[in-house]
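# Descriptive analysis of the structure
Each chain, letter by letter, is given below.
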Amino acid sequence: MFDVGRSSFIFLTKMTSELFVQYLLAGITYGSIYAIVAIGFNIIYNTTGIINFAQGEFVMFGGMIAITLLQFMPLPLAIILAVILTMIIGAGIEICFIRWLKAPSVLRLVIITIGISILSREVAVHVWGESIRSLPYFVGNEITSISILGARISPQVLWVVAASGLMFICLGIFFKTTSVGREMRACASNRKAATLCGINTENMVTLSFVLSAGMGALAGCMMSPITYSQYDMGTGLAIKGFTVAILGGLGSSGGAVAAGLLLGVIEAFSVSVVPLAFQDAIAIAILLIILFIRPQGLFGSKEASALKEF
Amino acid sequence: MALLEIKQLHKRFGGLHAVTDVSFPVEAGQIKAVIGPNGAGKTTLFNMISGTFPATSGSVFFQGKELQGKKPYQVAALGMARTYQNIKMFSGMTALENVMVGCHVQSSAGFMASMFRMPWTWKEELAIRDRSMELLTLLEIEEHADTDASSLAFGQQRAVELARALAMDPTLLLLDEPAAGLNIYETAEVGRLITKIRDLGITVLLVEHDMSLVMDISDEIVVLCFGEKIAEGLPAAIQKDPEVIKIYLGED
Amino acid sequence: MKKLLLILPLLACVIAIQVVCSSTDTLYYLTQMTMSAYYSLLIIGLCVLMGYAGQISLGHAGFFAIGGYISAGLTTHSLIPFKDNALVQFLDSSGLLLAGQTLYGEELLVVSPGLACAVAIIAAAVIAVFIGIPVLKLKGHYLAMATLGFGIIIYRVVLAVEYFGEADGISEVPAFPLFAGLSVSGSFGDRVSNYYIAWGILLLGLILLLNLIDSRVGRGLRGIHGSEEAADAMGVHTARFKLQTFVLSAVFAAVAGVFLTHYNGGIGPSEAGVMKSVRYVAIVAVGGMANLWGALLMGVVLNFLSLRGVFGSYDDAVFGLILIVIMLFAPNGILSISFRHRLMQLFGKGKQKRDGEA
């Protein structure tokens, strides 16, 4: 799924420590994107118990909308507007398809979100076509590179890592200090009790979709110059994001970051061992193995996994 | 040795001791009741006996065989059937079909044989159907045989659940609060059915909240409180036991 | 037995369609009906897994592809380079290999379709066992993601492995001679006979599954769906039953894959795609999950419309929309009583009669 862009910032010329750093940085770049997608999963999972199979489509929408908007406005504005629009889409999805269901079964929710994911993709293919697009590099162009520890990387990598880190920190502050954030956490730990305390849990669920859509969209914009955007990028990203969310322990943001970086680095280094075409299979294989032997995740606790009562 | 022998059974959930060191026998042919206030550990005890989850320590012997470590379907195959406090009907199946599932351990048709309708499965299928119908008649709900089980009245669902458990041809029947959610008439009705079952030679162990039912039908009673056994004996003796009275009527 | 009698009207419809098509010179409809029948075979298998055993699978296109690709690979790739291999020689002397010539007159030695079919189905069953044992311990989202992951892996494998033709798939798959001069092939003259072969297989599959559901095993399965805990306490070996159903549905998918591949004369990677798996799930959902007849009917109708190109470029979108609409408004399928009931209310027929049919 992301094979196309990789060669543009890894130069497989030098071996040794430079190459090592190169792989490592590539891994961190992809890893931080996976982590953001995984945190998107977690936000919605925490407030609703739903795994949103359409999570990857938020990333796709973010990138695609920004690319379209770029024709009319400067880059920063296009990105901001794309994120806002995707958030509105997220809210719309929740309000139209999830909000009014009374005690739906898990199977039903799984199938509905899969349906949403397919519809989003079909909307995208009819609006933007099948062509591969991308945002321009935020600084410089494809061949601009900076040197870190002897490895040559694109400055976009720094953008991705910095934006992901910033998102992670802001999210932490939001949940810890603001009253809305606290209400969302209350909703996550016990929805019934939260309702009894006068918290409007329905709005909290909508808000979780909005937040998650916004994070996905921003990630979609940041990664677009490196990995390109295409209408069908969602499924692959969703399954990797889910892998990371599970690996880190479903619901845990810190775990997601650690697991995301781990998966990213494993993938990056696997290039030298496994054919490129099988790269996606690695993440999935890890997912399957983790699900089979340690469903609570590498960093998750037994108690947390006991919550998966469905 | 008694039919069911519970020995120093112990269950901890995290720091909570749900059941502490409980031992008692259940003799063949009797109705034995386990009573106690809410949260006394009655259902936990049942779940350990039927294999739903393992005990932290202690052991359960059924017909001289150790049950610890056995899965529910294995315990079932040994001749122990159970019902649930909140009835677990198989929704989307008729009352008759529900009871027919109960005949599962008594029959043997496998995947292939079922798909290809092997001649020898015909006889088995007929036998299952007849036996299930018989049981529905025994429990006096035969007229609802072809009704979707989950659309029956609560009391009727109880009867179907009992028939389903009896279909397993059990030696021991575990009943988890058979009167829960029933009015006094339905409760008396269930009590009558339970004695009817005992008279068929099936041993009954029940957990119950409703004292009137327990005192009416039990041969012996065990009292649990906060996971510990505090009394055991005949109904008349239990009724006079000062400690039991203290629990049920309060300290003063 | 009573339920089985419903097969007769269905059979009458099948024959009527052929007669009408033959007499009005619209035989091309039979081609899509044949393909729909094979897809429906997979769908009724999946219906038993989802509706009766209550296990979702988003990877059934994977099993279809395993069946189709293995059969296609074995019957097209020449074994001439391995001529000296003991196994090849053994198979050759047992009459399980076919000799022939390529278009360019080169010598060709391939596995006979019968053996290839057997290998393909056994492979699917074995893979289903190995995947099923760990996967079926999972529930809900986890099961959905794990089976989705399996499907994607199969898709990646057929896309990446040269033996399976990468993005082009495998073409020029030979006909599959069955018996008495019948053979599964896409050739013009065989159109009517292939229509009956496909529907024969589908009806056979349907009968087997109807038998299964109305049996000791079937009641156990439905019990698992109703209350797994209670079924367990009734002595139903739930884990084994789930696994057996999973394998059974995988075999149905593989059979569909094998036959459709021979009928089409080839198979491409899109058959293994995630969208295909989702489409199958959608059709089972529309049919009403635990309703074999519904699944069969919807399988034939929707696949036929899709293959006729009625949905145009909105093909996938239509199935996505169907999924959402059905799950939102009629989670028990459009043939369900409650939905009919609701429709009736909608159209003002206030007093509805409840029919006893479940």
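Residues numbered from 1 in each chain as written. Chains lettered and ligands numbered in written order. Predicted model: local features only at pLDDT ≥ 70, side-chain atom pairs only at ≥ 80, totals over all residues.

### Describing the overall build of chain C
- Secondary structure assignment for chain C yields 15 helices and six strands.
- For a compact globule of 358 residues, the expected C-alpha radius of gyration is about 21 Å, and chain C comes in at 21 Å, within 12% of that figure.
- For chain C, the share of sequence-separated contacts (at least 6 apart) that also reach a separation of at least 24 residues comes to 78%. (Helix = DSSP H or I, 4+ residues; strand = E, 2+ residues; numbered from the N terminus. Rg over C-alpha atoms; globule rule 2.2 N^0.38 Å. Contact = placed C-beta atoms within 7 Å.)

### Observations regarding unusual backbone geometry
- With a phi angle near 45 degrees, Glu177 of chain B is a residue other than glycine that sits in the positive phi range.
- Positionally, Glu177 of chain B belongs in the loop between strand S7 (172–176) and helix H7 (184–199).
- According to the C-beta neighbour criterion, Glu177 of chain B is buried, with 20 such atoms within 10 Å.
- Unlike most non-glycine residues, Asp25 of chain C shows phi in positive territory, near 60 degrees.
- Residue class for Asp25 of chain C comes out exposed when judged on the 7 C-beta atoms lying within 10 Å of it. (Buried ≥ 20, exposed ≤ 12 C-beta atoms within 10 Å, placed from the backbone.)

### Regarding the confidence of the model for chain C
Residues and elements named next belong to chain C.
- Averaged over all residues, the pLDDT of chain C is 86; the fraction at 70 or higher stands at 92%.
- Least confident of the elements in chain C is helix H15 (residues 337–346), whose mean pLDDT is 62; most confident is helix H4 (residues 60–76), at 95.
- Overall, residues 350–358 carries pLDDT values under 50, and its contacts beyond four positions in sequence, including any with other chains, amount to four contacts.
- As scored by the predictor, the complex reaches a pTM of 0.86 and an ipTM of 0.81. (pLDDT = per-residue confidence, 0-100.)

### A few points about the interface of chain C and chain B
- Listed by partner, the interface residues are 25 residues for chain C and 29 residues for chain B.
- Listed by contribution, the elements that provide at least two residues to the side of chain C that touches chain B are helix H8 (191–213), helix H9 (216–226) and helix H10 (228–233) of chain C.
- Looking at the side of chain C that touches chain B, the element that brings in the most residues is H9 of chain C, giving eight residues.
- In the side of chain C that touches chain B, the residues fall into ten nonpolar, ten polar and five charged. (Nonpolar A, V, L, I, M, F, W, Y, C, P; charged D, E, K, R; others polar.)

### Quick look at the interface of chain C and chain A
- Of the residues lining the interface, 32 residues belong to chain C; the matching set on chain A comes to 29 residues.
- Among the elements of the structure, helix H7 (140–160), helix H12 (274–287) and helix H14 (315–329) of chain C are those that each provide at least two residues to the side of chain C that touches chain A.
- Element by element, the count of residues in the side of chain C that touches chain A is highest for H7 of chain C, at 13 residues.
- A class-by-class count of the residues in the side of chain C that touches chain A yields 25 nonpolar, four polar and three charged.

### Remarks on the sheet that holds strand S5 (residues 65–66) of chain B
Residue and element names in this part refer to chain B.
- An order of S2-S1-S4-S5 is seen for the four strands of this open sheet, with the pairing classed as antiparallel. With partners counted over all chains shown, the strands left at the sheet margins are strand S2 (16–26) and S5, one partner each.
- One ladder, built from two bridges, connects strand S4 (residues 57–62) with S5; its direction is antiparallel. By the bridge assignment, Phe61 is partnered in S5 with Glu66. (Pairing = 2+ DSSP bridges.)

### Brief notes about the sheet that holds strand S3 (residues 31–35) of chain B
Residues and elements named next belong to chain B.
- In space, the six strands of this open sheet follow the order S6-S7-S8-S3-S9-S10, with mixed pairing throughout. Each having just a single partner strand, strand S6 (80–82) and strand S10 (228–233) make up the two edges of the open sheet. Sheet twist, expressed as the average angle between the axes of neighbouring strands with direction ignored, equals 15 degrees.
- When S3 meets strand S8 (residues 203–208), the two strands line up parallel, connected through five bridges. Paired with Ala33 across the two strands is Leu206, which belongs to S8.
- Together, S3, S6, S7, S8 and strand S9 (220–225) form the strand contacts of helix H1 (residues 42–50), whose direction differs from that of S7 by roughly 150 degrees. (Axes fitted to C-alpha atoms, helices over the stretch in contact; angles between N-to-C directions.)

### Here's the deal with the environment of Ile197 of chain C
Residue and element names in this part refer to chain C.
- The topology assignment puts Ile197 in helix H8.
- It is 8.6 Å that separates the C-alpha atoms of Ile197 and Ser183, two residues lying 14 residues apart in sequence.
- Dropping the residues within four chain positions of it, Ile197 is found in contact with Leu178, Leu182 and Val184.

### Comments concerning the domain arrangement of chain B
Residues and elements named next belong to chain B.
- Each domain of chain B was delimited in the assignment, giving domain 1 (1–79 + 171–182 + 203–252) and domain 2 (88–169).
- Using C-alpha coordinates to define each centre, domain 1 is positioned 28 Å away from domain 2.
- Taken residue by residue, the interface counts six residues in domain 1 and six residues in domain 2.
- Residue composition of the side of domain 1 that touches domain 2, by class: five nonpolar, one polar and no charged. (Domains from an automatic or database assignment.)

### Details of the environment of Leu234 of chain B
- The residue Leu234 of chain B is located in the loop between S10 and helix H9 (235–240) in this model.
- In this structure the C-alpha to C-alpha distance between Leu234 of chain B and Val222 of chain B, which are twelve residues apart in sequence, comes to 8.9 Å.

### Brief notes about the nonpolar core
- Ranked by internal contacts, the top residues of the largest apolar core, which has 292 residues, are Ala254, Ala256 and Val284 of chain C.
- In terms of residue count, helix H2 (residues 16–48) of chain A provides more of this core than any other element does, 16 residues in total.
- Residue-level mapping places this core at the junction of two domains, with at least three residues from each of domain 1 (1–79 + 171–182 + 203–252) and domain 2 (88–169) of chain B.
- If sequence neighbours within four positions are ignored, Ala254 of chain C has contacts with Phe63, Phe64, Ile66, Gly67, Ala120, Ile121 and Ala124 of chain C. (Core = buried A, V, L, I, M, F, W, Y, C linked by C-beta atoms within 7 Å.)

### Comments concerning the environment of Ala163 of chain B
Residue and element names in this part refer to chain B.
- Turning to its location among the elements, Ala163 is positioned in helix H6 (residues 154–166).
- The class of Ala163 is buried, set by 27 C-beta atoms lying within 10 Å.
- Residues Ala163 and Leu138, 25 residues apart in the sequence, show an inter-C-alpha distance of 8.2 Å.
- Other than its neighbours up to four places away in sequence, Ala163 contacts Val99, Leu135, Leu136 and Leu139.

### With respect to the pairing of S4 of chain B
Residue and element names in this part refer to chain B.
- Alignment of strand S1 (residues 4–13) against S4, held across five bridges, turns out to be antiparallel. Among the inter-strand pairings, Glu5 is bridged to a residue of S4, identified as Phe61.
- The loop that links S4 with its antiparallel partner S5 comprises two residues; one of these, Gln63, has a positive phi angle of about 50 degrees.

### Section: H6 of chain B
- Under the 1.5 Å per step criterion, the end-to-end length of H6 of chain B is 18 Å for 13 residues, consistent within 8% with the ideal 18 Å.
- Along H6 of chain B, the residues that are buried comprise Gln157, Arg158, Ala159, Val160, Glu161, Leu162, Ala163, Arg164, Ala165 and Leu166 of chain B. (Expected span 1.5 Å × (residues − 1).)

### Structural notes on the packing of helix H11 (residues 253–270) of chain A against helix H12 (residues 279–293) of chain A
Residue and element names in this part refer to chain A.
- At a closest axis distance of 10 Å, the pairing of H11 and H12 adopts a crossing angle of 140 degrees. The pairing of H11 with H12 is recorded here as oblique in orientation. By crossing handedness, the relation of H11 to H12 is classed as right-handed. Residues Leu263, Ile266, Glu267 and Ser270 of H11 form the contact with H12, whose participating residues are Gln279, Ile282, Ala283 and Ile286.
- Its residues assigned to classes, the contact of H11 with H12 shows five nonpolar, two polar and one charged. (Parallel < 35°, antiparallel > 145°, perpendicular 65-115°, else oblique. Left-handed = near helix turned anticlockwise from the far one by under 90°.)

### Things to note about the arrangement of the chains
- Where the two pairs of chains in contact are concerned, the greatest contact count is recorded for chains A and C.
- Nothing in chain A touches chain B, and the closest approach of their C-alpha atoms is 10 Å.

### With respect to the packing of helix H3 (residues 55–69) of chain A against helix H5 (residues 106–128) of chain A
Residues and elements named next belong to chain A.
- Relative to each other, H3 and H5 sit at 20 degrees, their axes nearing to 10 Å. It follows that H3 is roughly parallel to H5 by the angle criterion. In this structure, H3 meets H5 at a crossing whose hand is left-handed. Contact residues: H3 offers Glu57, Met60, Phe61 and Met64, while H5 offers Ser117, Ser120, Arg121, Ala124 and Trp128.
- When the residues that make up the contact of H3 with H5 are grouped by side-chain class, the tally is five nonpolar, two polar and two charged.

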